[in-house]
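Examining the three-dimensional arrangement
Each chain is listed here by its residues.
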Amino acid sequence: CVLCRFSSAYTVAPPPISPATKLPNNIYDWRGQQVRWQMAGDPNAEKAVVLVHGLFVNADHWRHTLKGLADAGYRAYALDLLGSGYSSKPSPWDVDVSNNVNGERGRFLEDEATESRLEDVKTRAKGPSVLPKIKLGTSGGGERLDCDVDLRHPLGSPYNFYTWGEQIADFTQDIVLKNKNEKATLVCNSIGTMSSLQSVLDEPDLFDGVFVICPNFRELHSAEIPLAKVSMPILRSVQKLLRSKGQGLFDKLAKPSIVKEILMEPYHVSDAVDDELVDVLLTPLLTPGASDIVFDTLSYSAGPLPEQQLSDPAFPTESCPVWVTYGDKDPWTPGKRVEALGKMPCVEKVVAFKNVGHCPHDEAPELVNPLLLDFLKRIESG
């Protein structure tokens with residue numbers, strides 16, 4: 001069927017061939033949910049790369065990267081994170097589905113008693129749901145000390161970086177890697193950064209490097225909002241209003257001409273915002289259940305942050321180097337804050353791409369792909 005239900009999850013079948021990448025769309029069954037993925041290149045190629053998309057986009061956003069990696073002799077995989085693209089879209093409020101897929105299960109000390117009744121909760125070292133005294137950055141490249149980082153989704157939703165991190169790790173293990181000695185390299189954009197870094201922290205033996213393109217610092221995170229004690233209650237009220245009354249606004253905005261206009265903000269290279277891009281990003285957003293996830297994600301004012309993850313003592317600095325890149329015309333990612341990530345022991349290099357915005361891999365693949373290939377050569381050389 002074109003539209004079916006997995007529990008409370010809307011699942012829409014993708015087109016057999018992606019109009020953006022011209023690659024077959026495949027389905028991975030993950031915890032009872034459908035995950036759309038694509039693969040470019042020789043399936044027997046020795047080295048594998050996994051591409052992780054950003055906010056409200058999907059695997060097709062890697063249209064130029066998939067081709068570039070395949071042409072260079074790599075196996076390149078791009079997947080839709082749960083709730084995005086043509087992956088299943090379970091209701092954020094379905095407790096049964098959340099208990100099955102939510103990556104926050106088994107992580108927080110405060111939940112130990114209640115989670116003992118749940119099945120299939122991964123055994124892992126637990127910590128507090130709020131990390132105290134974390135050092136974060138500023139837009140000017142400075143430091144903020146003693147920040148409290150709230151890790152738990154305020155609504156208990158499964159749409160969080162721990163869920164997506166576990167999805168990436170399971171996909172890598174089940175679909176990507178061909179043998180126990182192989183590792184994959186992660187490439188991520190925007191909020192795909194936190195999902196990817198969390199995947200490395202959870203399963204360091206699966207990955208040998210992370211290539212970050214324009215990390216997102218989560219302006220709506222409670223640790224990022226100025227005067228949070230005053231501001232957060234107001235923000236929560238707006239978020240609640242959007243969840244309950246926002247469908248009309250969503251319907252007005254979800255039109256090709258308006259989406260094209262919206263994309264012009266993060267994209268500095270306007271020619272890259274073509275009709276194909278608008279179509280492959282908008283069409284999945286018009287499927288049942290998508291608007292609920294958009295508003296739920298806009299309510300996610302918590303979760304891990306890049307500085308916190310990269311400075312985590314558990315990050316495998318020696319075996320998983322990180323290169324970070326950004327567009328110098330990116331209106332969402334402060335360049336000086338990105339440059340400051342170079343102080344992290346695991347970050348070997350920070351590179352600015354000239355005259356591009358928040359999506360350099362799609363705006364200027366002629367700049368990004370050569371550097372990515374350099375990174376992969378560095379990984380392969382050890």
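Here's what I pulled together on the structure shown here. Everything numeric here is computed off the predicted structure, so don't read it as measured data.

**A short note on the overall build of the protein**
Of the regular secondary structure elements, the protein holds 14 helices and twelve strands. Computed over C-alpha atoms, the radius of gyration of the protein comes to 19 Å, within 12% of the 21 Å expected from 2.2 N^0.38 for 382 residues, which places it in the range of a compact globule. Seen through its principal axes, the protein has C-alpha atoms that stretch 50 × 50 × 40 Å. Scored against the burial criterion, the 382 residues of the protein give a buried share of 57%. Residue pairs in contact within the protein that sit at least 24 positions apart in sequence constitute 71% of those at least 6 positions apart. Only carbon and sulfur atoms are counted for the fraction: they give 55% of the accessible area of the protein, which is about 16100 Å². One finds the centroid of the 39 positive side-chain charges in the protein at a distance of 3 Å from the centroid of its 51 negative side-chain charges.

**Comments concerning the packing of aromatic side chains**
Scanning the entire structure with this criterion turns up ten aromatic pairs. Ring-pair connections join several aromatic residues into one group, and the members of that group are Tyr28, Trp37, Tyr77 and Phe171. It is arginine 218 that lies over the ring of tyrosine 300; its NZ or CZ is 4.8 Å from the centre. Positioned above the aromatic ring of tryptophan 323, the side-chain terminus of lysine 349 is 4.1 Å from the ring centre.

**Examining helix α10 (residues 290–298)**
Because an α-helix completes one turn every 3.6 residues, residues spaced three or four positions apart along the sequence face the same direction. Among the nine residues in α10, seven count as buried, and that is most of the element. The set of residues buried in α10 consists of Ala290, Ser291, Ile293, Val294, Phe295, Asp296 and Thr297.

**As for unusual backbone geometry**
Unusually for a residue other than glycine, serine 190 sits at a positive phi of about 55°. The phi dihedral of leucine 227 falls on the positive side, at around 50°, and the residue is not glycine. For leucine 227, the location among the structural elements is in the loop between β10 (207–215) and α6 (228–245). We classify leucine 227 as exposed; its relative accessible area is 69%.

**Considering the state of the cysteines**
Applying the stated criterion across every chain, the model contains zero disulfides. Cysteine 359 supplies the cysteine sulfur nearest to cysteine 214, a cysteine that is in no disulfide, at a spacing of 7.1 Å. Looking at cysteine 214, the relative accessible area reads 0%, which means it is buried.

**Some details on helix α4 (residues 161–176)**
Of all 16 residues that make up α4, 13 are buried, and the element is covered over most of its length. In this structure asparagine 160 caps α4, since a side-chain oxygen of it lies 3.0 Å from the backbone nitrogen of tyrosine 162.

**Thoughts on the layout of surface pockets**
Of the pockets and cavities examined, the largest pocket occupies roughly 1200 Å³. If you list the elements that add at least two residues to the lining of the largest pocket, you get α4, β9 (184–190), α6, α7 (247–253), α8 (256–263), α9 (275–285) and α10. Residues of the lining of the largest pocket, tallied by class, amount to 28 nonpolar, ten polar and three charged. Reported here for the second largest pocket is a volume of approximately 430 Å³. Along its surface, the second largest pocket is lined by 19 residues, and Arg107, Ala125, Tyr162, Gln198 and Asp312 are the ones closest to its centre. Those elements giving two or more residues to the lining of the second largest pocket turn out to be β7 (130–137) and α5 (192–202).

**As for the nonpolar core**
Buried together is how nonpolar side chains tend to be arranged in soluble globular proteins. Residues Val210, Phe211, Leu310, Phe315 and Val322 are the most contacted members of the largest nonpolar core, which totals 76 residues. Discounting residues that sit within four places of it in the chain, valine 210 has contacts with Leu186, Cys188, Leu197, Val200, Cys320, Pro321, Val322, Trp323 and Phe375. Val57, Ala254, Leu263 and Val280 belong to the second-largest nonpolar core, a separate cluster that totals 17 residues.

**What to know about the pairing of strand β12 (residues 347–353)**
Pairing of strand β11 (residues 322–327) with β12, which is carried by six bridges, proceeds in the parallel orientation. Counted as the bridge partner of tryptophan 323 is lysine 349 from β12. Taken together, β11, helix α12 (residues 335–340) and β12 form a β-α-β motif whose crossover is right-handed.

**Thoughts on the pattern of salt bridges**
For side chains of opposite charge, pairing can occur when their charged atoms come near one another. As enumerated under the stated definition, the model contains 20 salt bridges in all. A salt bridge links aspartate 208 to lysine 47, with the shortest nitrogen-to-oxygen separation between them at 3.1 Å. Residue aspartate 208 is found in strand β10, and its partner lysine 47 is found in the loop between β4 (33–40) and β5 (48–52); the two are separated by 161 residues along the sequence. Comparing aspartate 208 with lysine 47 shows no difference in burial state: the two are buried. When the shortest N-O distance is used, the salt bridge between aspartate 275 and lysine 260 registers 3.3 Å. With aspartate 275 in helix α9 and lysine 260 in helix α8, this pair connects stretches of sequence that are 15 residues apart. Residue aspartate 275 is classed as exposed on the basis of its relative accessible area, which comes to 59%. Overall, lysine 260 belongs to the partly exposed group, its relative accessible area being 29%. Overlapping salt bridges, with partners in common, bring together Lys22, Arg63, Asp274, Glu276 and Asp362 in one network.

**Remarks on the side chain of aspartate 170**
Looking at the element boundaries, aspartate 170 is found in helix α4. Residue aspartate 170 is classed as buried on the basis of its relative accessible area of 15%. For aspartate 170, the residues in contact, after removing those within four places along its chain, are Tyr28, Trp30, Arg31, Lys122 and Ile175.

What counts and how
- Residues numbered from 1 in each chain as written.
- Predicted model: local features only at pLDDT ≥ 70, side-chain atom pairs only at ≥ 80, totals over all residues.
- Heavy atoms only, no water.
- Helix = DSSP H or I, 4+ residues; strand = E, 2+ residues; numbered from the N terminus.
- Rg over C-alpha atoms; globule rule 2.2 N^0.38 Å.
- Buried < 20%, exposed > 50% of the residue type's maximum accessible area, 1.4 Å probe, protein only.
- Contact = heavy atoms within 4.5 Å.
- Areas by Shrake-Rupley, 256 points an atom, 1.4 Å probe, with all protein chains shown as cover.
- Lys, Arg positive; Asp, Glu negative; His and termini not counted.
- Charge placed at Lys NZ, Arg CZ, Asp CG, Glu CD.
- Phe/Tyr/Trp six-rings, centres within 6.5 Å; stacked < 30°, edge-to-face > 60°.
- Lys NZ or Arg CZ within 6 Å of the ring centre and 35° of its normal.
- Disulfide = S-S within 2.5 Å.
- Polar contact = N/O pair within 3.5 Å; in protein donor to acceptor, adjacent residues only side chain to side chain.
- 1 Å grid on protein atoms, 1.4 Å probe; cavity = no way out; pocket = protein on both sides within 12 Å on 5 of 7 lines; lining within 4 Å.
- Points joined across faces, edges and corners; volume = space filled by probe spheres on them.
- Nonpolar A, V, L, I, M, F, W, Y, C, P; charged D, E, K, R; others polar.
- Core = buried A, V, L, I, M, F, W, Y, C linked by side-chain atoms within 4.5 Å.
- Pairing = 2+ DSSP bridges.
- Right-handed = clockwise from strand over helix to strand, strands pointing away.
- Salt bridge = Lys/Arg side-chain N within 4 Å of Asp/Glu carboxyl O.

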